[in-house]
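# Observations on the model geometry
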Amino acid sequence: MAPAAGKRGRLRRCGGRRRCGRGALIACAAWTAGWVLAAALLLRAHPGVLSERCTDEKSRRILAALCRDYRGGVLVGDLCQDLCVAGRLRYRRCLYYERGKKVLQADWRGRPVVLKSKEEAFSSFRRPWLLEDQAWKGGQDLPEAELLLLVAGEVKNALGLELSHGGLGPLWPRLRGPRWRGQLASLWSLLQQEEFVLLSLLQDLSRHAPPVLGSCGHFYAVEYLAAGSPHHTALFPLGGASRGLARAISDMALSFLDLVSHFDNDFSHRLHLCDVKPENFAIRRDFTVVAIDVDMAFFEPKMREILEQNCTGDEDCNFFDCFSKCDLRVNKCGAERVNSNLQVICDKIFRHWFSSTLGSSAISLELQLQLQATVQECADPGHPAGHPHRAPPNVFRKLQSLLQATLRELQEVDN
């Protein structure tokens, strides 16, 4: 009799098998939904967690395939000969793979460089229609005006910029000769990579962006600079810097301010940084800050296009570090960014440096406290009802003045 009583007790507690089964299903669904939500949040915060493993073996296979295509006449580039024939461009190590993007370190004629491509294979990129059009199979009489128009269209698609023919100089290789088909296909693979287009247009115009050194097919090379990391005390490797930590941090902070002013004011459109973290910047020996990963940098026209989306609240209008506001009358995000490059750099970089004292008795406590307060004002300005907006317009000058005063105090001690 005891087992029967126990069975009846279990049925009473469950309210019958059917009700107990429904409860189990609801609990299972809730558990699954919780894990799905957690995974989504993790991917949003760390998009590289599902990236494929970065290995030397695979990296060498990728470059071997690139060289096979070069020898077969499929692609060309001013670095192909050194990479595939002369051995003057040698693979060194894999830096990272992320969402298809391949980033490799190499030595080119004695200097370290980085090889980058948005995709692994040359065949992953869309070919220009001219290569498929029977009318242009001969290729030697391609009208330059027609090609320039097509290149301008690709630039507008990539960056949202409408450039005149004269502005396309850094992207225009003047396709001629027996390998014009490989030239055109290679150019098109590069034009589909926003970072390559942006860095090419900034060539010789910005001290805060690395120059493009050359390309082979869909891979392009930039100078190698050691990236920052949250694991460094000063966020960036300072190498053999002779000056103290406080002076180095002040110099780097002033260079970040120079970068902000440069990207805000020195081009025909403001350049927005939507992914600010130490890993996306590097420091030269003279403490100049360089934006080494600009996949998430957008000129104003493209930024407005990205931000102007449907929404039900302000949180729907956040595109990584670039925020807009939701107009609930039309359920549409505003096209104008409401925070700024300066505000995000204060939050993601300057807070790490200035949330406590710089650890130097040469800097007055009053000055250090002023700097902390100003960084806080810049990173998290007071605003009603949690609505994001830009830091006060005078905060840039305040930060610049305080950092310059810090360097003067350090200099006085040295003298």
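In the block above lies the structure referred to throughout.
These lines cover the structure that appears in this document, whether it is placed above or below. (Residues numbered from 1 in each chain as written. Predicted model: local features only at pLDDT ≥ 70, side-chain atom pairs only at ≥ 80, totals over all residues. Heavy atoms only, no water.)

This part takes up the overall build of the chain. Per the secondary structure count, the chain includes 12 helices and 13 strands. By the burial criterion, 44% of the 415 residues in the chain qualify as buried. Taking contacts inside the chain between residues at least 6 apart in sequence as the whole, the part at least 24 apart equals 63%. Total accessible area on the chain stands at roughly 21,700 Å², and carbon and sulfur atoms take up 53% of it. (Helix = DSSP H or I, 4+ residues; strand = E, 2+ residues; numbered from the N terminus. Buried < 20%, exposed > 50% of the residue type's maximum accessible area, 1.4 Å probe, protein only. Contact = heavy atoms within 4.5 Å. Areas by Shrake-Rupley, 256 points an atom, 1.4 Å probe, with all protein chains shown as cover.)

The subject of this paragraph is unusual backbone geometry. The phi dihedral of D204 falls on the positive side, at around 70°, and the residue is not glycine. Along the chain, the position of D204 falls in the loop between α7 (194–201) and β4 (212–216). You can call D204 exposed: its relative accessible area is 76%. In the Ramachandran plot, F287 falls in the positive-phi region, its phi being about 70° despite a non-glycine side chain. Residue position: F287 is located in the loop between β7 (281–283) and β8 (289–291).

Looking now at the environment of V76. Mapped onto the secondary structure, V76 falls in the loop between α3 (56–71) and α4 (80–86). In this structure the C-alpha to C-alpha distance between V76 and C216, which are 140 residues apart in sequence, comes to 5.8 Å. Setting aside its immediate chain neighbours within four residues, V76 contacts Y70, R179, G182, Q183, S186, C216 and G217.

Counted by the stated rule, this structure contains 24 salt bridges. In this structure, the salt-bridge partner of E57 is R61, at a minimum N-O distance of 3.4 Å. With a gap of four residues between them, E57 and R61 both fall in helix α3, about one helical turn apart. Its relative accessible area of 59% is what places E57 among the exposed residues. On the basis of relative accessibility, which here comes to 48%, the residue R61 falls in the partly exposed class. Look at the salt bridges and you will find they share partners, linking K101, K116, E195, D293 and D295 into a network. (Salt bridge = Lys/Arg side-chain N within 4 Å of Asp/Glu carboxyl O.)

The next thing to look at is the packing of aromatic side chains. Counted under the stated rule, the structure contains 13 aromatic pairs. For the pair F256 and F281, a centre-to-centre distance of 5.3 Å together with 70° between the ring planes defines the contact as edge-to-face. With F256 in helix α8 (residues 245–265) and F281 in strand β7, the pair connects residues that are 25 residues apart, well separated along the chain. For the pair F256 and F281, one class covers both residues: buried. What links up through ring pairs into an aromatic cluster is the set F236, F256, F281, F350, W353 and F354. Over the ring of Y97 we find K102, and its NZ or CZ is 4.9 Å from the ring centre. (Phe/Tyr/Trp six-rings, centres within 6.5 Å; stacked < 30°, edge-to-face > 60°. Lys NZ or Arg CZ within 6 Å of the ring centre and 35° of its normal.)

Another aspect to go through is the sheet that holds strand β1 (residues 89–98). Across the sheet, five strands lie side by side as β1-β2-β3-β5-β4; this open sheet has antiparallel pairing. Of all strands in the sheet, those bounded by a partner on one side alone are β1 and β4. Neighbouring strand axes in the sheet, compared pairwise and without regard to direction, differ in orientation by 25° on average. As judged from the four bridges shared by strand β3 (residues 111–117) and strand β5 (residues 219–223), these two strands associate in the antiparallel manner. From the neighbouring strand, L115 faces β5, where its bridge partner is A221. (Pairing = 2+ DSSP bridges. Axes fitted to C-alpha atoms, helices over the stretch in contact; angles between N-to-C directions.)

Counted under the stated rule, the structure contains seven disulfides. The residue that forms a disulfide with C54 is C94, at a sulfur-sulfur distance of 1.6 Å. As the torsion about the S-S bond is roughly -110°, the C54-C94 disulfide counts as left-handed. With a gap of 40 residues between them, C54 in the loop between α2 (17–45) and α3 and C94 in strand β1 connect regions that are remote in the sequence. The class for C54 is partly exposed, based on a relative accessible area of 27%. Covalently, C346 is tied to C378 through a disulfide, its sulfur atoms 2.1 Å apart. On the sign convention where negative is left-handed, the bridge of C346 and C378, at about 90° about the S-S bond, is right-handed. Placement of C346 in helix α10 (residues 341–354) and of C378 in helix α11 (residues 365–379) is noted, with a sequence separation of 32 residues between them. According to the relative accessible area criterion, C346 is buried, its value standing at 0%. The class of C378 is buried, set by a relative accessible area of 0%. (Disulfide = S-S within 2.5 Å.)

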